[in-house]
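Structural features, examined
Take a look at the letters that make up each chain.
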Amino acid sequence: SQQGEEDPQALSIQEGENATMNCSYKTSINNLQWYRQNSGRGLVHLILIRSNEREKHSGRLRVTLDTSKKSSSLLITASRAADTASYFCAPIIQGAQKLVFGQGTRLTINP
Amino acid sequence: DAGITQSPRYKITETGRQVTLMCHQTWSHSYMFWYRQDLGHGLRLIYYSAAADITDKGEVPDGYVVSRSKTENFPLTLESATRSQTSVYFCASSEQGLFGNTIYFGEGSWLTVV
């Protein structure tokens, strides 16, 4: 299966804390993408990390990739109420023509 | 810059009726996708298309039909709607497939089959 599995399924933290979500996958990949979905909305692309990269930053987001462990993590620093959403990882294997998602991590930021 | 739009956004239909969900993108992206999202199942791929006149099945294609006569449009038809097809449907597009490319999603179409 080329889909990623996010962990934990749900995460609830206080505003200002950091949130870490993990993604595991089973096959060799070319890149891995993270998406966010706010309640009732479509998915929005957050960040892409290539297989030859180990870490990538975008604002308050930090993504790591460990291809030897077939895992990735998404760290959101200094969380805000607006970060409340579901987060999905999407590993992309070479030649893939379709994107398969896991069930995501539901993140709740409490004020 | 309209992006990717879905219509209708909300639809209630009866069992057995044919329903078509429309998807239009303004970027001339090659790839387009249809997903359904249900509690407990996450997002599941129904059909995808690599270019006009090229479509392929995803994980859950049964009961659905797609066409891609024009690059910008990718309608999804439920030939005879069933209650199990009550779901939120998302259309998405990508410029040249998935390698290094962002997938852009529409806002979703909420379909209820009664």
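Data block above holds the structure.
Structure report, in brief.

Let's talk about the overall build of chain B
When helices and strands are tallied, chain B shows 0 helices and 11 strands. For chain B, the succession of helices and strands along the chain, N to C, is β-β-β-β-β-β-β-β-β-β-β. Against the globule reference of 13 Å for 114 residues, chain B gives a C-alpha radius of gyration of 13 Å, in line with a compact fold. Along the longest, intermediate and shortest principal axes, the C-alpha atoms of chain B span 40 × 25 × 25 Å.

What about the sheet that holds strand E7 (residues 64-66) of chain B?
All names here are of chain B. Across the sheet, which stays open at both edges, the 4 strands sit in the order E1-E3-E8-E7 with antiparallel pairing between neighbours. Two strands close off the open sheet at either side, each with one partner strand: strand E1 (4-7) and E7. Direction aside, neighbouring strands of the sheet carry axes that sit 15° apart on average. With 4 bridges connecting them, E1 and strand E3 (residues 19-25) associate as antiparallel partners. Bridging from a neighbouring strand, Ile4 pairs with Gln25 of E3.

Some details on the state of the cysteines
The tally for this structure, following the rule as stated, stands at 2 disulfides over all chains. Covalently, Cys23(A) is tied to Cys89(A) through a disulfide, its sulfur atoms 2.0 Å apart. Taking the sign of the S-S torsion, 70° for the link of Cys23(A) and Cys89(A), the bridge is right-handed. One end of the pair, Cys23(A), is in strand E3 (residues 19-24); the other, Cys89(A), is in strand E9 (residues 85-92), with 66 residues separating them in the sequence. Using a relative accessible area of 1% as the deciding quantity, one classes Cys23(A) as buried. A relative accessible area of 0% places Cys89(A) in the buried class. The disulfide partner of Cys23(B) is Cys91(B), and the S-S distance across this bridge is 1.8 Å. Between Cys23(B) and Cys91(B), the disulfide has an S-S torsion of -80° and is therefore left-handed. Note that Cys23(B) is positioned in strand E3 and Cys91(B) in strand E9 (residues 87-94), a separation of 68 residues in sequence. For the pair Cys23(B) and Cys91(B), a shared accessibility class is recorded, and that class is buried.

A look at the sheet that holds strand E6 (residues 55-58) of chain A
All names here are of chain A. Strand order across the open sheet formed by 5 strands is E1-E3-E8-E7-E6, with antiparallel pairing between neighbours. The outermost strands of the open sheet, each flanked by one partner alone, are strand E1 (5-7) and E6. Adjacent strand axes in the sheet meet at a mean angle of 20°, parallel and antiparallel pairs treated alike.

Thresholds applied
Residues numbered from 1 in each chain as written. Chains lettered and ligands numbered in written order. Predicted model: local features only at pLDDT ≥ 70, side-chain atom pairs only at ≥ 80, totals over all residues. Heavy atoms only, no water. Helix = DSSP H or I, 4+ residues; strand = E, 2+ residues; numbered from the N terminus. Rg over C-alpha atoms; globule rule 2.2 N^0.38 Å. Pairing = 2+ DSSP bridges. Axes fitted to C-alpha atoms, helices over the stretch in contact; angles between N-to-C directions. Disulfide = S-S within 2.5 Å. Buried < 20%, exposed > 50% of the residue type's maximum accessible area, 1.4 Å probe, protein only.

In short, the description is geometric, and any link to function would need to be established separately.
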